[in-house]
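Chains, contacts and geometry: an overview
Okay, here's what each chain looks like letter by letter:
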Amino acid sequence: MSFLNDLFRKKSIPDAIATAESETGDVAGLHKSLRVIDLTALGIAAIIGAGIFSTIGSASYNGGPAVIFLFIFTAMACGFAAFAYAEFASLLPVAGSAYTYSYVAFGELIAWIIGWALIMEYAVGNITVAVSWSGYFTSLCESAGWLVPEWAQIDYVSARDGFAITDGLLKGGATMESLTDSQREAWMAWTNAPNLGGLRVILDIPAMAMSILITALVYIGIRESKHAGNLMVLLKLAVVFLVIVVGAFYVDTANWHPFAPNGFGGVMAGVSSVFFAYIGFDALSTTAEECKDPQRDLPRAMVYSIIICTVLYIFIALVLTGMLSYKELDVNDPLAYVFDKLNLKWFSGIIAVSAVVAMAGVFLVFQLGQPRIWMVMSRDGLLPKKFSRIHPRFRTPDFSTIITGLFVVIPMLFIPSDTVLDLCSMGTLFAFVLVCAGVLKLEMTPDAPRGKFRTPYIDGKWLFPLLVVTGIAYLFSQHRAETVAWLTNAPERFDEETLLSRMDHQQAEQAVTYAIRQDSAGFAAAGNDLAQYLGNLDQAQYAAFVDALPLPEELKFESGWALFQHKIPMWLFTFTCLFLAGLSFRNHLSLIPVLGLTSCLYMMAQIPAKSWFGFLVWLAIGLVIYFGYGHRNSKLSKK
């Protein structure tokens, strides 16, 4: 067999099932204790957590009340992907999730890549959960009179970068009182951090402590984790219903105008935050070997959890943006924040306590998922044998669980939470894309085996090409100028925050002087704060101001390669749509997995280029490990 064929050698479905069954004897096997209600609860536990208690704030800040459309779009994309996951889970009722599915559909190399990428969803993604949990926990401590210093509740890079941005705002005339809570916290953390050997000591101590405790719970066993998860779900659902009911009495519909203050771009700017709110339903597929009836219960639980959570998310978003202006929601604890601002401190305290429990539940589910993926990869010989070792008493993958905990705690010291959020979304969306592609591959493979559950078939021969043509026609008819500018890579103005952060003190003074000369009354009304003044300008006024600003062009505009690199993901999406349109026409592809693939790839294209670069670096590290160990130790290489 040639080297190239070795890379794409596939595992057969009977072999995948037999491998799992060979590991599930009375001594070594995993407990089969999960039913559909338990799986749905685990799905809700994962989905309703950091997304609804934390990241929904930044998404609402970017998109305004129109963020509900992003929730709907994301739910549809996840729903399409859920059908694909459910079909594979029915066909392959074993642990491993997208890794195992890709091994069967595409071969070993792609399976390794997706397995490595899933680390970003479960292990690395839990960093965001832990940081959000820490935000609510420290707020509770402060309300109880226990002060946690800023340097002990943030990572080093976030403090450094936040300090730089805040410094730029202060140079423009901003005061500490006018800054957001996160900007003030970063400033205080950087300036007040203890110094050890010339290095500032900055680390999120509560997040690290929680990570270690939950990892210990996952180590103990699936039944204990299941009971804890079910209790957390009941609590968080009760709180979400209370927020919706109580908050509805304080909604001011004036806050819903304008409904989409930053347009479509503002809505899509929150794609990582909103998609992160849905991550979790796919983690259910990693528990297949612990389900009583995985072929029936897994598909149902995935669909149930997405539907329930989408309805709740839409109501929560409408209540939040109705209670306060979207401009005030860019905080780590938005649910508690809005009630606190309305002097309902008792209720904000209840929310904070509930958030601490709820996000611990999300962390629990993610920590359950990652060790089981490593366990399956180890069974296949792609990782050392100890990764598939089952604890004789607790009957959990003990070594993999410990390593998963380290993958959360160690990067937490130096990776900023916003970057982690993007990387987590990248890894998950990549998995969704490949699972949807796997279903299409099965459809195009003659006599391919199929499971009990199948994705509903809708012939995409004409429908998908028509959707692509309609999309192109819409862009050129309704947004011709923006589309042409995008295609020609025309220079783009920096937003006000980036503009100010790029100026030195002398340039900031020049900008302030120019603003006073052009509009002294408006500048005074903005409190002599350049950032506030620029934020008050509409799009046309801001463009005119920046164009005339007496500063070098490179400070005001992004152009050339620096701009084009951000568009590469969108070009990838464009070419993929054109390719799938032709493939759909020729092969009568099913519309649902095609829409799942393209919608997930579109969301990936909205993630900043720097996160794509980080994702590619991560994959490169994984390939080094694969070619150094996995390729030659694969069990398929010995057949």
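Residues numbered from 1 in each chain as written. Predicted model: local features only at pLDDT ≥ 70, side-chain atom pairs only at ≥ 80, totals over all residues. Heavy atoms only, no water.

**Regarding the overall build of the chain**
Scanning the chain from N- to C-terminus turns up 29 helices and four strands. Here the chain holds 639 residues, and the buried ones make up 57% of them. Taking all contacts inside the chain whose residues are at least 6 apart in sequence as the whole, residues at least 24 apart take part in 84%. About 26300 Å² of surface is accessible on the chain, with carbon and sulfur atoms providing 65% of the total. (Helix = DSSP H or I, 4+ residues; strand = E, 2+ residues; numbered from the N terminus. Buried < 20%, exposed > 50% of the residue type's maximum accessible area, 1.4 Å probe, protein only. Contact = heavy atoms within 4.5 Å. Areas by Shrake-Rupley, 256 points an atom, 1.4 Å probe, with all protein chains shown as cover.)

**Quick notes on the packing of aromatic side chains**
Applying the stated criterion across every chain, the model contains 26 aromatic pairs. Centroid distance Phe73 to Tyr602: 6.1 Å. Interplanar angle 85°. Geometry classified as edge-to-face. Taken together, the residues span a long stretch of sequence, with Phe73 in helix H5 (residues 67-91) and Tyr602 in helix H28 (residues 591-605) at a distance of 529 residues. Of the residues examined, Phe73 reaches a relative accessible area of 27% and is grouped as partly exposed. Relative accessible area serves as the criterion here: at 14%, Tyr602 is assigned to the buried category. Aromatic side chains Phe430 and Phe615 sit 5.5 Å apart centroid to centroid with 75° between the ring planes, which places their arrangement in the edge-to-face category. (Phe/Tyr/Trp six-rings, centres within 6.5 Å; stacked < 30°, edge-to-face > 60°.)

**Quick word on the environment of Asp167**
Looking at the secondary structure, you find Asp167 in helix H8 (residues 156-171). Once the C-alpha coordinates of Asp167 and Asp504 are considered, the two residues, 337 residues apart in sequence, prove to be 9.8 Å apart.

**What to know about the pattern of salt bridges**
On inspection of all chains with the given rule, the structure shows six salt bridges. Note that Arg160 and Asp161 form a salt bridge whose closest N and O atoms lie 3.1 Å from each other. Arg160 sits in the partly exposed class, given a relative accessible area of 39%. Classification of Asp161 as partly exposed rests on a relative accessible area of 35%. Where Lys341 meets Glu328, a salt bridge forms, and the shortest distance between an N and an O atom there is 3.6 Å. Of this pair, Lys341 sits in helix H15 (residues 334-341) while Glu328 sits in the loop between helix H14 (294-323) and H15, and the two are 13 residues apart along the sequence. Residue classification places Lys341 among the partly exposed positions, given a relative accessible area of 43%. You can call Glu328 partly exposed: its relative accessible area is 30%. (Salt bridge = Lys/Arg side-chain N within 4 Å of Asp/Glu carboxyl O.)

**Some thoughts on unusual backbone geometry**
Here the bond from His257 into Pro258 is cis, since omega is -5°, no more than 30 degrees from zero. Positionally, Pro258 belongs in the loop between helix H11 (222-248) and helix H12 (263-268). Unusually for a residue other than glycine, Asn489 sits at a positive phi of about 60°. Backbone geometry at Asn528 places phi at a positive 55°, although glycine is not the residue there.

**Describing a nonpolar patch on the surface**
Among the surface-exposed residues, Ile472, Tyr474, Leu475, Phe476, Val484, Leu487, Phe575 and Leu578 lie close enough to one another that they form a single nonpolar patch of about 720 Å² accessible area. Looking at the nonpolar patch element by element, the count peaks at four residues for helix H19 (residues 463-478). Structurally, Phe476 is set in helix H19. (Patch = residues over 30% accessible without salt bridge, like charges linked within 9 Å, V, L, I, M, F, W, Y side chains within 5 Å.)

**Quick notes on the confidence of the model for the chain**
Summing up the model confidence of the chain, the mean pLDDT is 81 and the portion of residues at 70 or higher is 90%. Within the chain, no element has a lower average pLDDT than helix H2 (residues 13-22), which sits at 68, and none a higher one than helix H27 (residues 568-587), at 94. (pLDDT = per-residue confidence, 0-100.)

**Thoughts on the packing of H15 against helix H16 (residues 345-379)**
Running from N to C, H15 and H16 cross one another at 170°; their axes reach a closest spacing of 7 Å. The pairing of H15 with H16 is recorded here as roughly antiparallel in orientation. Packed against H15, whose contacting residues are Leu335, Ala336, Phe339 and Asp340, the element H16 presents Lys345, Phe347, Ser348 and Ile351 at the interface. Of the residues belonging to the contact of H15 with H16, the class tally is five nonpolar, one polar and two charged. (Axes fitted to C-alpha atoms, helices over the stretch in contact; angles between N-to-C directions. Parallel < 35°, antiparallel > 145°, perpendicular 65-115°, else oblique. Nonpolar A, V, L, I, M, F, W, Y, C, P; charged D, E, K, R; others polar.)

**Brief notes about the packing of H5 against H28**
To characterise two packed helices, one gives the angle between the axes of the helices and the distance between these axes. At a closest axis distance of 8 Å, the pairing of H5 and H28 adopts a crossing angle of 130°. In terms of their interaxial angle, H5 and H28 are classed as oblique. H5 and H28 meet at a crossing whose hand is left-handed. Facing Phe73, Thr74, Ala77, Phe80 and Phe83 of H5, the residues of H28 in contact are Ile592, Leu595, Gly596, Ser599, Cys600, Tyr602 and Met603. (Left-handed = near helix turned anticlockwise from the far one by under 90°.)

**Some points on the environment of Tyr136**
By secondary structure assignment, the location of Tyr136 is in helix H7 (residues 108-143). For Tyr136, a relative accessible area of 0% puts it in the buried group. Sequence separation of Tyr136 and Val353 is 217 residues, and the distance between their C-alpha atoms is 7.7 Å.

**Re helix H10 (residues 205-220)**
For H10, spanning 16 residues, the distance from its first C-alpha to its last is 23 Å, which sits close to the expected 22 Å at 1.5 Å a residue. Three or more residues of H10 are buried, namely Pro206, Ala207, Met208, Met210, Ser211, Ile214, Thr215 and Val218. The backbone nitrogen of Ala207 has a side-chain oxygen 3.3 Å away, supplied by the residue at the start of H10, namely Asp204. (Expected span 1.5 Å × (residues − 1). Polar contact = N/O pair within 3.5 Å; in protein donor to acceptor, adjacent residues only side chain to side chain.)

**Points about the nonpolar core**
Counting 176 residues, the largest nonpolar core has Tyr136, Phe281 and Ile351 as the members making the most contacts within it. It is H16 that provides the largest number of residues to this core, a total of 19 residues. Counting 25 residues, the second-largest nonpolar core is a separate cluster that includes Leu169, Phe494, Phe545 and Leu551. (Core = buried A, V, L, I, M, F, W, Y, C linked by side-chain atoms within 4.5 Å.)

**Points about H27**
Look at H27: 28 Å from first C-alpha to last across 20 residues, which is about the 28 Å you get at 1.5 Å a residue. Looking only at H27, the buried set comprises Pro569, Met570, Phe573, Thr576, Cys577, Leu580, Ala581, Leu583 and Ser584. Positive phi shows up at His588, right after H27, with a value of about 55°.

**Section: the side chain of Thr74**
Tracing the chain through its elements places Thr74 in helix H5. With sequence-adjacent residues up to four places away left out, Thr74 is seen in contact with Val274, Phe275, Tyr278 and Met603.

**Details of the side chain of Glu87**
On the secondary structure map, Glu87 appears in helix H5. Overall, the relative accessible area of 1% leaves Glu87 in the buried class.

**What to know about the state of the cysteines**
According to the stated counting rule, one finds zero disulfides in the structure shown. Looking at Cys577, it has no disulfide partner, and the nearest cysteine sulfur is the one in Cys600, 12 Å off. Take Cys577: its relative accessible area is 11%, and that puts it in the buried class. (Disulfide = S-S within 2.5 Å.)

**Structural notes on the environment of Leu284**
One can find Leu284 in the loop between helix H13 (271-278) and H14. When the C-alpha atoms of Leu284 and Ala544 are compared, they prove to be 52 Å apart, with 260 residues separating the residues in sequence. Setting aside anything within four residues of it in sequence, one finds Leu284 in contact with Leu39, Leu42, Gly43, Leu298, Ala301 and Met302.

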